[in-house]
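What the coordinates show
Each chain is listed here by its residues.
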Amino acid sequence: AHEQRMSEAPEPVRVPSLPAADAGLVEEGQGLYVLLECWTCHGIEGNGRGPSGRELLDEAGDSIRPTDFRYDPFKGGREPAAVARTFLTGLNGTPMPSYGEVFLFAREEAGSPSDFAERVPGSAIAALERLLARSPSRSELDAMGEDGLARLWDRRVAALAHYVLSLDRRSRLWFHLVREEPEREERKP
């Protein structure tokens, strides 16, 4: 039986080589964060207080709180490759799914920003609009070839990882000067 389980091991997940963060990549990541609905659990500001976050359960059926990207330690670490690996594989025992397959979408398949308008603040809608404007159409995606698709996938993975890391407030001087206490923040619905 052990031999059989070993032969059914999943394919290793490829974590791309991630370029350094830049403003364009972080902005693209914000659009992905909205489109992939990461905010529904982790909050639009990354505070771990999204509308679905209160209902999450771990594999034992116990209540679990989504990670506050601003302050919480990350299970895999705060390096870009570790963050990318987390959303490519998910987190066992938690409701955090694998997002590895969703990065290759065409503009018309992503939906319209108006689909999000009632639930998401305007600044996040603007980031989504910019992402969709730069996204390829289905015919452009189909014409990319394997190398082009791999580059697009790598870029989008890097963008989301860098956006999540851009939400970190622990490394900012202000955090250390005033000794912010995020656990005392008022909970918003």
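In the block above lies the structure referred to throughout.
The structure reproduced in this document is the subject of the present report.

The phi dihedral of Glu37 falls on the positive side, at around 60 degrees, and the residue is not glycine. Residue position: Glu37 is located in the loop between helix 2 (23-35) and helix 3 (39-42).

Moving on: the packing of aromatic side chains. Going through the model one piece at a time under the given rule, you end up with five aromatic pairs. Ring centres 5.8 Å apart and planes at 45 degrees place the aromatic pair Phe87 and Phe103 in the tilted group. Here Phe87, found in helix 4 (residues 80-89), pairs with Phe103, found in the loop between helix 4 and helix 5 (122-134); they are 16 residues apart in sequence, far enough to count as distant. Both residues of the pair, Phe87 and Phe103, belong to the buried class. When the centroid spacing of 6.5 Å and the interplanar angle of 85 degrees are considered together, the rings of Phe103 and Trp153 count as edge-to-face. Remark: Trp153 occurs in helix 7 (residues 145-166) and Phe103 occurs in the loop between helix 4 and helix 5; sequence separation between them is 50 residues. Each member of the pair Phe103 and Trp153 is classed as buried. Linked through ring pairs, Tyr33, Phe69, Phe74 and Tyr163 together constitute an aromatic cluster. Against the face of Phe105 rests Arg156, its NZ or CZ located 3.8 Å from the ring centre.

Criteria and cut-off values
Residues numbered from 1 in each chain as written. Predicted model: local features only at pLDDT ≥ 70, side-chain atom pairs only at ≥ 80, totals over all residues. Heavy atoms only, no water. Helix = DSSP H or I, 4+ residues; strand = E, 2+ residues; numbered from the N terminus. Phe/Tyr/Trp six-rings, centres within 6.5 Å; stacked < 30°, edge-to-face > 60°. Buried < 20%, exposed > 50% of the residue type's maximum accessible area, 1.4 Å probe, protein only. Lys NZ or Arg CZ within 6 Å of the ring centre and 35° of its normal.

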